[in-house]
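Analysis of the macromolecular model
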Amino acid sequence: MSHIELKSPRIFYGWWVILASSIVIYYGAGTFFYGFGVFFNPIRSEFGWAAAVVAMAFAFYRLEGGLGAPLVGFLVDRYGPRPLMVFGAIVVGLGFLFMSQINSLLMFYLSFLILSLGFSAGMGVVGQVAVANWFVRKRGRALGILMIGAGASGTLGPLLALLLARYGWRTSLVIIAVGTWVVCLPMAALVRHKP
């Protein structure tokens, strides 16, 4: 009786890159880009700051993103997406930790700048570059699947609101910081630059 060896089909590694990058984008956008609005009023009311003063941090974030984009593009071309994703996840976690300890408007702005730098470096275009490097024929489809993570990230808002209601904004930010490292660092480790 002859022995027939069955080979299980291998999954193209580019799909793992999409999954990992999508999870990083989901968590990053869900906690910072979309989810931060949950923390807006509690922080504002604790310090008695005007809404416009707190909202200025978002303007700084958009400005940093625009100014930093060429540098991020250069770095991802030179070093690949994985180091930037790891760096970004570490910095975003530190930014949330720092924000949990603020006691002045200057510290708030500084923490927001740290978060912005980390988010721009490791949770935005970097995942798109990684996916684009792995796909040629199905690149549009691959990038579309990747962006499901960004689109679905709004679902974290209600979870953040529950966290906030239970633990308060400072402890919630510490939990989010640790979550950033637990979720995003292993995913970043899966990302490879090119086939």
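Everything below is about the structure shown above.
Remember, predicted model here, so these are calculated numbers, not experimental data.

A word on a nonpolar patch on the surface. A cluster of nonpolar residues, Ile-11, Phe-12, Trp-15, Trp-16, Leu-19, Ile-145 and Ile-148, forms a patch on the protein surface that exposes about 640 Å² of accessible area. In terms of residue count, helix H1 (residues 13-33) provides more of the nonpolar patch than any other element does, three residues in total. Position of Ile-148 among the secondary structure elements: in helix H8 (residues 148-152).

Right, let's get into the packing of aromatic side chains. Under the defined criterion, the tally for this structure stands at 18 aromatic pairs. Through pairs of rings, three or more aromatic residues link up here, namely Phe-32, Phe-36, Phe-39, Phe-40, Phe-47, Trp-49, Phe-58, Phe-108, Tyr-109, Phe-112, Phe-119 and Trp-169. The ring of Tyr-13 carries Arg-192 above its face, with NZ or CZ at 3.9 Å from the centroid.

Relative to the helices and strands, Ser-116 resides in helix H5 (residues 105-122). Taking relative accessible area as the criterion, Ser-116 reaches 1% and is therefore assigned buried. Apart from the residues lying within four places of it in its own chain, the contact partners of Ser-116 are Phe-32, Tyr-61 and Glu-64.

Turning our attention to the layout of surface pockets. Considering only enclosed or pocket space, the largest pocket measures out at about 320 Å³ in volume. Lining the largest pocket we find 17 residues, and of these Tyr-61, Phe-119, Met-123, Gly-124 and Val-125 sit closest to its centre. Of all the elements in the fold, those that place two or more residues in the lining of the largest pocket are H1, helix H3 (51-79), H5 and helix H6 (125-134). Sort the elements by how many residues they give to the lining of the largest pocket and H3 lands first, with five residues. Along the lines of polarity and charge, the residues of the lining of the largest pocket split into 12 nonpolar, four polar and one charged.

Another aspect to go through is the packing of H3 against H5. The contact between H3 and H5 brings their axes to 9 Å, and the two run at 35°. Crossing handedness for the pair H3 and H5: right-handed. Mapping the contact onto sequence places Val-53, Val-54, Met-56, Ala-57, Phe-58, Phe-60, Tyr-61, Glu-64, Gly-65 and Val-72 in H3 and Leu-105, Phe-108, Tyr-109, Phe-112, Leu-113, Ser-116, Leu-117, Phe-119, Ser-120 and Ala-121 in H5. Its residues placed into classes, the contact of H3 with H5 shows 16 nonpolar, three polar and one charged.

Our next topic: the environment of Ala-177. Locating Ala-177 in the fold gives a position in helix H9 (residues 156-190). Along the primary structure Ala-177 and Leu-97 are separated by 80 residues, whereas in three dimensions their C-alpha atoms are 5.8 Å apart. Leaving out residues up to four positions away in the same chain, Ala-177 has contacts with Gly-93, Phe-96 and Leu-97.

By secondary structure assignment, the location of Ser-111 is in helix H5. Non-local contacts of Ser-111, meaning those with residues more than four positions away in its chain, are made with Gly-95, Phe-98, Met-99 and Ile-102.

Where helix H4 (residues 81-99) contacts H9, the two axes come as close as 8 Å, and the packing angle between them is 170°. With respect to each other, H4 and H9 are oriented roughly antiparallel. Here Arg-82, Met-85, Val-86, Ala-89, Ile-90, Val-92, Gly-93, Leu-94, Phe-96, Leu-97 and Met-99 of H4 lie close against H9, whose contacting residues are Trp-169, Leu-173, Val-174, Ile-176, Ala-177, Thr-180, Trp-181, Cys-184, Leu-185, Ala-188 and Ala-189.

Judged by nonpolar contacts, the single largest core of 51 residues is most densely connected at Phe-39, Ile-43, Phe-96, Met-99, Phe-108 and Phe-112. Elements represented by at least two residues in this core include exactly H1, helix H2 (37-47), H3, H4, H5, H6, helix H7 (139-146) and H9. Apart from the residues lying within four places of it in its own chain, the contact partners of Phe-108 are Phe-36, Ile-43, Trp-49, Val-54, Ala-57, Met-99 and Ile-102.

A few words on the environment of Asn-133. Note on placement: Asn-133 falls in helix H6. What makes Asn-133 partly exposed here is its relative accessible area of 25%. Between the alpha carbons of Asn-133 and Pro-195 there is a distance of 7.6 Å; along the sequence they are 62 residues apart. Not counting residues within four places of it along the chain, the set of residues in contact with Asn-133 comprises His-193, Lys-194 and Pro-195.

Parameters at a glance
- Residues numbered from 1 in each chain as written.
- Predicted model: local features only at pLDDT ≥ 70, side-chain atom pairs only at ≥ 80, totals over all residues.
- Heavy atoms only, no water.
- Patch = residues over 30% accessible without salt bridge, like charges linked within 9 Å, V, L, I, M, F, W, Y side chains within 5 Å.
- Areas by Shrake-Rupley, 256 points an atom, 1.4 Å probe, with all protein chains shown as cover.
- Salt bridge = Lys/Arg side-chain N within 4 Å of Asp/Glu carboxyl O.
- Helix = DSSP H or I, 4+ residues; strand = E, 2+ residues; numbered from the N terminus.
- Phe/Tyr/Trp six-rings, centres within 6.5 Å; stacked < 30°, edge-to-face > 60°.
- Lys NZ or Arg CZ within 6 Å of the ring centre and 35° of its normal.
- Buried < 20%, exposed > 50% of the residue type's maximum accessible area, 1.4 Å probe, protein only.
- Contact = heavy atoms within 4.5 Å.
- 1 Å grid on protein atoms, 1.4 Å probe; cavity = no way out; pocket = protein on both sides within 12 Å on 5 of 7 lines; lining within 4 Å.
- Points joined across faces, edges and corners; volume = space filled by probe spheres on them.
- Nonpolar A, V, L, I, M, F, W, Y, C, P; charged D, E, K, R; others polar.
- Axes fitted to C-alpha atoms, helices over the stretch in contact; angles between N-to-C directions.
- Left-handed = near helix turned anticlockwise from the far one by under 90°.
- Parallel < 35°, antiparallel > 145°, perpendicular 65-115°, else oblique.
- Core = buried A, V, L, I, M, F, W, Y, C linked by side-chain atoms within 4.5 Å.

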